[in-house]
Amino acid sequence: MNWQSTLGNLAAASSVTDKDGKATITLTSVVVGSAQVSASVNEKPAVNAPKVAFIADTKSAQIGKNDRRVDKNSILANSEDKATFTAVVKDANGNPRSQTTWSTGQRIVAI
């Protein structure tokens, strides 16, 4: 059985079927995105498996030193003036992490 993927790393380019005719392979990636794995046998056209999605690693999510900003350094103390803070959350491989909650100590903001 020959394997191919549009994203990530397959454990091998081919594998052998077992006594039941089943072949397996593993797929890993450090890049976020959608992967289409296909398999072929005896030079027949490849058959696509269902697509899988690689998502950012929640456990390693962090805000890097250069990934936080504020649009101004002084804010009038008049309850009307405001500053906008921006933080980019990424996993250990640099993939952006969505649906992360950021706590400012005063209020919780979804980013």
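Data block above holds the structure.
Attention in this report is confined to the structure presented alongside it. (Residues numbered from 1 in each chain as written. Predicted model: local features only at pLDDT ≥ 70, side-chain atom pairs only at ≥ 80, totals over all residues. Heavy atoms only, no water.)

## Observations concerning the overall build of the protein
Here comes step 1: The helix and strand tally for the protein stands at zero helices and eleven strands.
Here comes step 2: Its C-alpha atoms give the protein a radius of gyration of 23 Å, more than 25% over the compact-globule value 13 Å for 111 residues.
Here comes step 3: Across the 111 residues of the protein, 18% fall into the buried class.
Here comes step 4: Long-range pairs, those at least 24 residues apart, make up 35% of the contacts in the protein between residues at least 6 apart in sequence.
Here comes step 5: In the form shown here, the protein has an accessible surface area of approximately 8,700 Å², with 51% of it arising from carbon and sulfur atoms.
Here comes step 6: Between the centroid of the 13 positive side chains of the protein and the centroid of its 9 negative side chains there is a distance of 2 Å. (Helix = DSSP H or I, 4+ residues; strand = E, 2+ residues; numbered from the N terminus. Rg over C-alpha atoms; globule rule 2.2 N^0.38 Å. Buried < 20%, exposed > 50% of the residue type's maximum accessible area, 1.4 Å probe, protein only. Contact = heavy atoms within 4.5 Å. Areas by Shrake-Rupley, 256 points an atom, 1.4 Å probe, with all protein chains shown as cover. Lys, Arg positive; Asp, Glu negative; His and termini not counted. Charge placed at Lys NZ, Arg CZ, Asp CG, Glu CD.)

## Brief notes about the pattern of salt bridges
Here comes step 1: All chains considered together, the criterion is met by three salt bridges.
Here comes step 2: For Asp20, the salt bridge is made with Lys19, and the minimal N-O distance between the two is 3.6 Å. Across the pair, exposure class does not vary: Asp20 and Lys19 are exposed alike.
Here comes step 3: For Lys90, the salt bridge identified is with Asp67, shortest N-O distance 3.8 Å. Placement of the pair is Lys90 in strand β9 (residues 85-90) and Asp67 in strand β8 (residues 62-70), with a sequence separation of 23 residues.
Here comes step 4: Residue classification places Lys90 among the partly exposed residues on the basis of a relative accessible area of 27%.
Here comes step 5: Using a relative accessible area of 15% as the deciding quantity, one classes Asp67 as buried. (Salt bridge = Lys/Arg side-chain N within 4 Å of Asp/Glu carboxyl O.)

## Details of the environment of Gln4
Here comes step 1: Turning to its location among the elements, Gln4 is positioned in strand β1 (residues 2-5).
Here comes step 2: Counting along the chain gives 21 residues from Gln4 to Ile25, while the straight-line C-alpha distance between them is 10 Å.
Here comes step 3: Apart from the residues within four sequence positions on either side, Gln4 is in contact with Leu10, Gln36, Val37 and Ser38.

## Details of the sheet that holds β1
Here comes step 1: Read from one edge to the other, the open sheet built from three strands follows the order β1-β5-β6, with strand pairing classed as antiparallel. Of all the strands in the sheet, just β1 and β6 (47-48) have a single pairing partner and so form its edges.
Here comes step 2: Of the pairings in the sheet, the one linking strand β5 (residues 37-40) to β6 comprises two bridges and is antiparallel in character. Opposite Ala39, over in β6, you have Val47 as the bridge partner. (Pairing = 2+ DSSP bridges.)

## Considerations on unusual backbone geometry
Here comes step 1: Look at Glu43: it is not a glycine, yet its phi comes out positive at around 60°.
Here comes step 2: By secondary structure assignment, the location of Glu43 is in the loop between β5 and β6.
Here comes step 3: Relative accessible area serves as the criterion here: at 83%, Glu43 is assigned to the exposed category.
Here comes step 4: Despite not being glycine, Ser79 has its phi angle at roughly 60°, a positive value.

By themselves, these figures tell us nothing about what the structure is for.
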